[in-house]
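# Residue-level structure breakdown
For reference, the chains in residue letters:
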Amino acid sequence: MGGGLSVDPDTQVVVVGGGFGGIAAAQQLKSNGIKFILIDLRDAFHHNVASLRAAVQSGFAQKTFIPYRETFGESFVQGRVVKVDTASRVVVLDDGQEIGYTHLILCTGTDGPFPGKFNKVASYHTAIEEYENFVKEIQAAESVVVVGGGSTGVEMAAEVKTEYPDKKVVLIHSRIALADVELRSSVRQEAKEVLLRKGVELVLGQKVTNLKDLKFNVTQKDMVVTTDKGMEIPADFVICCTGNKINSAAYSATMAECLANDGALKVNEHLQVRGFDRIYAIGDCAHIKEPKMAYHAGLHAGIAVTNIINSMTGKPLVSYQTGNVTMLLAMGRDDGVGQFNGYKLPCFLVTQGKSKGLLLWKSWREMGQTSP
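All values reported here derive from a predicted model rather than from experimental measurement. (Residues numbered from 1 in each chain as written. Predicted model: local features only at pLDDT ≥ 70, side-chain atom pairs only at ≥ 80, totals over all residues. Heavy atoms only, no water.)

Summing up its helical and strand segments, the chain has nine helices and 21 strands in all. Relative to its length of 372 residues, the chain is compact, with a C-alpha radius of gyration of 21 Å against a globular reference of 21 Å. Expressed as lengths along the three principal axes of its C-alpha atoms, the size of the chain is roughly 65 × 45 × 40 Å. Within the chain, buried positions represent 55% of all 372 residues. Residue pairs at least 24 apart in sequence account for 62% of intrachain contacts in the chain once pairs closer than 6 positions are excluded. (Helix = DSSP H or I, 4+ residues; strand = E, 2+ residues; numbered from the N terminus. Rg over C-alpha atoms; globule rule 2.2 N^0.38 Å. Buried < 20%, exposed > 50% of the residue type's maximum accessible area, 1.4 Å probe, protein only. Contact = heavy atoms within 4.5 Å.)

Here it is, written out as structure tokens:
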């Protein structure tokens with residue numbers, strides 16, 4: 001697909017959400033000369049694949065935020081979409097502004113606790129400051145408890161222990177097996193072995209019972225984390241890595257009939273939202289049976305943009321096919337586990353491919369900017 005497509009001059013594609021899928025879609029629309037508006041809460045793309053490194057290493061956070069305006073100019077609008085009016089084909093922002101669309105790509109992603117996510121209306125300077133403050137807090141702590149042993153919790157515990165090997169780090173998980181259920185059991189076992197080798201203490205098969213009473217992300221001496229099996233674990237610093245939810249607030253009120261139980265949007269094989277041939281859902285907010293990953297969001301973006309172009313040029317729509325699971329876990333800068341297309345990878349390949357640089361180069365290249 002080259003530039004200079006012959007399309008209706010009234011065409012305007014609105015992309016809601018500037019995560020991995022959103023910037024991929026926006027860049028493809030831009031390169032094809034299609035008018036678009038990208039809307040996001042923040043004023044910069046957050047490469048949140050590297051957010052946990054930014055939480056332990058001072059000076060790292062500035063590499064994880066890439067300003068939208070420098071890449072997309074006036075095609076970027078900062079704000080929170082609070083409503084999708086499907087009848088009038090407009091999206092409504094929290095300040096009352098209405099932006100019309102001929103086609104809509106929803107890529108609102110997931111929300112979850114800091115430092116894994118940073119989803120608020122704020123400047124990237126503010127965001128960087130919050131990460132730097134987190135680093136100072138963690139540096140002051142002697143013992144760290146990570147609650148939740150999914151992929152984020154596993155990576156968080158590994159990052160802390162790698163950067164601060166003298167700190168006591170405890171990972172508490174309600175299940176026996178760590179990381180994502182979609183991963184091969186051998187990969188999940190290897191993640192456990194890497195954590196133990198680094199010196200992380202594991203409390204598995206136990207739920208934290210006093211989560212609401214704990215202060216997260218602040219160093220406070222003499223905190224005690226209790227579990228449903230009667231364990232009491234002292235901590236100076238507690239990080240919550242549970243409770244990620246689909247960001248459905250923008251569309252849930254007006255598209256309720258399209259929602260899956262988790263708030264994601266039901267889509268057909270072309271990634272069109274059920275019942276709406278001009279609305280696409282990509283990334284985490286698309287109800288597709290596969291892990292929620294940046295890699296998949298990028299693939300979805302290509303399908304959605306191709307189908308918007310094909311629908312305007314009379315060509316048949318293309319379909320999205322899920323494949324075998326590819327997932328890499330960075331276990332600190334010096335280790336990693338994962339699988340590619342369903343096959344387990346050696347640790348050194350994951351370390352070279354992801355853990356060392358956390359794929360930051362890819363996002364800076366995609367945004368057409370130079371990393372600081």
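Here the focus is the pattern of salt bridges. Following the criterion strictly, the structure yields 11 salt bridges and no others. Across the pair Lys168 and Glu201 runs a salt bridge whose closest N-O atoms are separated by 3.8 Å. Pair noted here: Lys168 is in strand S12 (residues 168–173) and Glu201 is in strand S13 (residues 201–204), with a separation of 33 residues, a long-range link. The class for Lys168 is partly exposed, based on a relative accessible area of 36%. Put simply, Lys344 and Glu190 hold a salt bridge, and the shortest N to O gap is 2.9 Å. A residue pair is termed long-range when its members are at least 10 positions apart, and Lys344 in strand S21 (residues 343–344) and Glu190 in helix H6 (residues 185–198) qualify at 154 residues. Residues participating in the shared-partner salt-bridge network are Glu142, Lys221 and Asp236. (Salt bridge = Lys/Arg side-chain N within 4 Å of Asp/Glu carboxyl O.)

Spatially, S6-S7-S8 is the arrangement adopted by the three strands of the open sheet, whose pairing is antiparallel. Of all strands in the sheet, those with a lone pairing partner are strand S6 (81–85) and strand S8 (98–100), marking the two edges. Going across the sheet, the axis of each strand differs from the next one's by a mean of 20°, ignoring polarity. Bridge analysis of S6 against strand S7 (residues 90–93) gives four bridges, and the strand direction is antiparallel. Paired with Lys83 across the bridge in S7 is Val92. (Pairing = 2+ DSSP bridges. Axes fitted to C-alpha atoms, helices over the stretch in contact; angles between N-to-C directions.)

Turning our attention to the nonpolar core. Membership of the largest hydrophobic core comes to 110 residues, with the highest contact counts inside it found for Val91, Ile105, Leu106, Ile239 and Met255. Of the residues forming this core, the biggest block, seven residues, is contributed by helix H7 (residues 294–313). In terms of nonpolar packing, the next biggest core, distinct from the first, is built from 12 residues, Val147, Val170, Val203 and Ile233 among them. (Core = buried A, V, L, I, M, F, W, Y, C linked by side-chain atoms within 4.5 Å.)

In total, this model carries nine aromatic pairs according to the counting rule given. In this structure an aromatic cluster arises from ring pairing among Phe65, Phe114, Phe118, Tyr131, Phe134 and Phe237. Just above the ring of Tyr164 sits the side chain of Lys167; from NZ or CZ to the centre is 5.1 Å. (Phe/Tyr/Trp six-rings, centres within 6.5 Å; stacked < 30°, edge-to-face > 60°. Lys NZ or Arg CZ within 6 Å of the ring centre and 35° of its normal.)

So, about the side chain of Thr108. Of note, Thr108 is situated in the loop between strand S9 (103–106) and strand S10 (110–111). For Thr108, a relative accessible area of 17% corresponds to the buried category. A polar side-chain atom of Thr108 sits 2.6 Å from the main-chain carbonyl oxygen of Asn247. When neighbours within four sequence positions are excluded, Thr108 is seen to be in contact with Val16, Asn247, Ala250, Tyr251 and Cys285. (Polar contact = N/O pair within 3.5 Å; in protein donor to acceptor, adjacent residues only side chain to side chain.)

A word on the environment of Leu329. Checked against the element boundaries, Leu329 lands in strand S19 (residues 327–330). Overall, Leu329 belongs to the buried group, its relative accessible area being 2%. When the C-alpha atoms of Leu329 and Cys241 are compared, they prove to be 15 Å apart, with 88 residues separating the residues in sequence. Not counting chain neighbours up to four residues away, the residues in contact with Leu329 comprise Ser151, Val154, Glu155, Ala179, Leu183, Asp335, Gly336, Val337, Val350, Lys354 and Ser355.

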